[in-house]
Amino acid sequence: MNKFFLVALLLICSNVFAQNEKAENDFKAVMQKYSAVGAAVAIVKEGKIVYTHSFGFKDLENKIDLTDQDIFRIASISKSFSATSIMQLVELGKVSLDDDFGNLIGFRIRNPKYPDQKITLKMALSHTSSLNDSQGYLNLDLINPDKNPNWAKCYNDYAPGTKFDYCNLNFNIIGAIIEKKSGERFDHYVKSYVLKPLGLYGGYWVASLDSNRFAKLYEYNSTNKLFTEAKMAYAPRITEIQNYVMGYSTPIFSPTGGMKISATDLAKYMIMHMNYGKSNGVKIISKKSAKLMQTAITNDEGYGLAIRGSNTLIPGVELKGHTGSAYGLYSTMFFNPKEKFGFVIITNGINATYTDDFPDFTRAAINSLYQNFIKK
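All values derive from a computational prediction rather than experimental measurement. (Residues numbered from 1 in each chain as written. Predicted model: local features only at pLDDT ≥ 70, side-chain atom pairs only at ≥ 80, totals over all residues. Heavy atoms only, no water.)

1. Quick look at the overall build of the protein
Reasoning step 1: Within the protein one finds 10 helices and 16 strands.
Reasoning step 2: Whereas a compact globule of 376 residues would reach a radius of gyration of roughly 21 Å, the protein reaches 21 Å, a difference of no more than 12%.
Reasoning step 3: In terms of overall dimensions, the protein has a C-alpha envelope of 75 × 50 × 40 Å along the principal axes.
Reasoning step 4: For the protein, buried positions account for 54% of its 376 residues.
Reasoning step 5: For the protein, the share of sequence-separated contacts (at least 6 apart) that also reach a separation of at least 24 residues comes to 67%.
Reasoning step 6: With an accessible surface of roughly 16600 Å², the protein has 50% of that area assigned to carbon and sulfur atoms. (Helix = DSSP H or I, 4+ residues; strand = E, 2+ residues; numbered from the N terminus. Rg over C-alpha atoms; globule rule 2.2 N^0.38 Å. Buried < 20%, exposed > 50% of the residue type's maximum accessible area, 1.4 Å probe, protein only. Contact = heavy atoms within 4.5 Å. Areas by Shrake-Rupley, 256 points an atom, 1.4 Å probe, with all protein chains shown as cover.)

2. Topic: the packing of helix α2 (residues 78–91) against helix α8 (residues 263–274)
Reasoning step 1: Where α2 contacts α8, the two axes come as close as 12 Å, and the packing angle between them is 45 degrees. By the angle between their directions, the pair α2 and α8 is classed as oblique. The handedness of the crossing between α2 and α8 comes out as left-handed. In this structure, α2 uses S80, F81 and T84 to contact α8, whose residues at the interface are L266, Y269, M272 and H273.
Reasoning step 2: Per-class residue counts for the contact of α2 with α8 are 4 nonpolar, 3 polar and no charged. (Axes fitted to C-alpha atoms, helices over the stretch in contact; angles between N-to-C directions. Parallel < 35°, antiparallel > 145°, perpendicular 65-115°, else oblique. Left-handed = near helix turned anticlockwise from the far one by under 90°. Nonpolar A, V, L, I, M, F, W, Y, C, P; charged D, E, K, R; others polar.)

3. Let's talk about the sheet that holds strand β1 (residues 38–45)
Reasoning step 1: Ordered in space as β3-β2-β1-β14-β13-β12-β11, the 7 strands form an open sheet in which the pairing is antiparallel. A single partner strand is all that each edge strand has here, and the edge strands are β3 (64–65) and β11 (308–310).
Reasoning step 2: The pairing of β1 with strand β2 (residues 48–59) spans 8 bridges and is antiparallel. Looking across to β2, one finds that V41 is bridged to H53.
Reasoning step 3: This element, α8, spans β1, β2, β13 (329–336) and β14 (341–347) of the sheet and lies at about 145 degrees to β14. (Pairing = 2+ DSSP bridges.)

4. A few points about the nonpolar core
Reasoning step 1: Counting residues in each nonpolar core, the largest one holds 82 residues, and the members touching the most others are F72, F81, I86, I173 and L266.
Reasoning step 2: Per element, the largest residue contribution to this core is 8 residues, and it comes from α8.
Reasoning step 3: When sequence neighbours within four positions are dropped, the list of residues in contact with I86 reads V95, L121, L125, I174, I177 and I178.
Reasoning step 4: Core analysis: the second largest hydrophobic core is formed by 29 residues, V30, A36, F341 and I374 among them. (Core = buried A, V, L, I, M, F, W, Y, C linked by side-chain atoms within 4.5 Å.)

5. What to know about the sheet that holds strand β5 (residues 202–203)
Reasoning step 1: Strand order across the open sheet formed by 3 strands is β4-β8-β5, with antiparallel pairing between neighbours. Strand pairing shows two members of the sheet lacking a second neighbour, β4 (72–73) and β5, which therefore form its edges.
Reasoning step 2: Sheet topology note: the β5/strand β8 (residues 260–261) ladder contains 2 bridges and is antiparallel. In the strand pairing of β8, G203 is matched with K260.

6. Regarding unusual backbone geometry
Apart from glycine, the bulk of residues carry a negative phi angle, and the bulk of peptide bonds sit in the trans form.
Reasoning step 1: A positive phi angle, near 55 degrees, is found at K63, a position not held by glycine.
Reasoning step 2: By the secondary structure assignment, K63 is in the loop between β2 and β3.
Reasoning step 3: Positioned with a positive phi, Y327 is a non-glycine residue whose angle comes to about 55 degrees.

Written out as structure tokens, the structure is:
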């Protein structure tokens, strides 16, 4: 090997190591500021994953380190998997975005204050359906007039399609519709038509996954300043699944928040949306569907179909993606489809404070990574 080439190669390696060391120290400082238990990171640049790393613990009590192979329940980023799946069915002609939401699920879904106005699938995907989570969202009986005398409380006072109100119930119903229109159980459908084609390990069904890879999730108590494991995060729900009713029991898998996946594989999924439906030659949805998912339905929130926009998370930088929070976990998936960069950040426990719509940890973490890997 030419000695000058060898010297140049060593210098490049040295510079990369120094860059990564600075980036990791900066990120550790963010973690320390917000008392993070652990965090997994994946960064995409020029359409490719250029960096992955895991910090802190997957098991706080036993001081077991978090690794890139560990998987998390990622909370509301899961909604985009449900939306991607329903868009596949739209493309197949099995369902339309303008279809009546109630006709699709099999019982009447109409705002009692606007009984003649149709609530569409598109409204549900964009949280403009006028539905709310005031009665909960963990089963469909809540909004079924034949099952719950208080079903009317599941609706807001305004007309469908006129305002945004983030609602988990929308997506648990959408999961049930995927079952009705595909003939496959929701978790099986997503695994077969989204995860497997992209070569990703993950899923909604706890029992189908290696429990040794689960990163424990921790909720922070601000009074005693201690973390407590959220053991229900990976509850197997064996009895409920044994009594499963297709097209109705779907909230058991939580289409609204129950995907389990690693940060690295979530970044691979993000690349598909960054490339408007394709990744490594594999087409998951059409370019038209992908762009529609990323197009804001309401201006104030910038929310499309399970993907929202932001130009404040990194000031002045246009991003598309989603966040999630549940059981002490905070997840972030944001990307710029034009410049082909993006970030996945997942923490399994922090002392959470908020500014505007985002946790301060999320804002600090993504800006730290942007400065060290993208802006420089």
